[in-house]
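# Coordinate analysis (summary)
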Amino acid sequence: METRFLGIPELAEAPSVAVVVDVMRAFTVAAWAFARGAEKIVLAESPEDALALKARHPDWVALKDGPPAPGFDAVNSPGLLRSADLAGRTVVQKTTAGTVGALAVREASLVLCAGFVVAEATARVLRTRGCDRVTFVVTGEGGQAEEDLACAQYIALRATGTGTAATDFLRRAAASRAAAELTEGVRQGAHPDDVSLCLELDRFPFAMVATPEDSLMILRPSVRSAGPDR
């Protein structure tokens, strides 16, 4: 499998297959939302678009980076979301990096959104579909986020059937700038357990596939989990 690891600014053209990685925290949060019963996640272009969608669909759950804000129901924190009851709900998600990366490759034939919590399931999709060229979008820090790059490299190796241990990749992520900022309280809208939750390898059995539907980019689990994670 031929792989490329690019930051969002480096995406000159739409790849055929894209794996968009945001470990801390967009796609860890997305996975938790599905585990808590969410039916789908709408990836919003901007906070204003997220609020407009929420206004048109009051029963949808709007979620954003940073501290709580008027109009939004939740923040981008797995620790704060893990006890939510989202059974059958639609979530609107807008984050600084993850959702931006997914929208940047919306023209790709296959878009997977990933973090460590769905790493093996994501690699399995790439293996079973026989993907021979894959672009991994490292969303954080303009493509330099160590946690996202480590996760992307781990998934790439797993997708080729390599029996690679995750230990070193998880260690790199744990020592990343994002992990330090979450631990030290630099990033708002966080929970003390966020870093450990983002580093739970293969916590969930599903991959997450984003597809254009009408004018929206919709994220869904590739295999429905048994129910809300308890």
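Please refer to the structure higher up on the page.
### Description of the packing of helix H6 (residues 146-159) against helix H7 (residues 167-174)
- Contact geometry of H6 with H7 gives a least axis separation of 7 Å together with a crossing angle of 165°. Taken together, the axes of H6 and H7 are roughly antiparallel relative to one another. The handedness of the crossing between H6 and H7 is left-handed. The segment H6 lies against H7, with Glu 146, Glu 147, Leu 149, Ala 150, Gln 153, Tyr 154 and Leu 157 engaging Phe 169, Arg 172 and Ala 173.
- Across the contact of H6 with H7, the residue classes break down as six nonpolar, one polar and three charged.

### Some points on unusual backbone geometry
- Note the cis peptide between Met 24 and Arg 25, where omega equals 25°.
- By the secondary structure assignment, Arg 25 is in the loop between strand S2 (17-21) and helix H1 (26-35).
- We note that Glu 141 has phi near 55°; this positive angle belongs to a residue other than glycine.
- Along the chain, Glu 141 turns up in the loop between strand S8 (133-138) and H6.

Rules of the game
Residues numbered from 1 in each chain as written. Predicted model: local features only at pLDDT ≥ 70, side-chain atom pairs only at ≥ 80, totals over all residues. Heavy atoms only, no water. Axes fitted to C-alpha atoms, helices over the stretch in contact; angles between N-to-C directions. Helix = DSSP H or I, 4+ residues; strand = E, 2+ residues; numbered from the N terminus. Parallel < 35°, antiparallel > 145°, perpendicular 65-115°, else oblique. Left-handed = near helix turned anticlockwise from the far one by under 90°. Contact = heavy atoms within 4.5 Å. Nonpolar A, V, L, I, M, F, W, Y, C, P; charged D, E, K, R; others polar.

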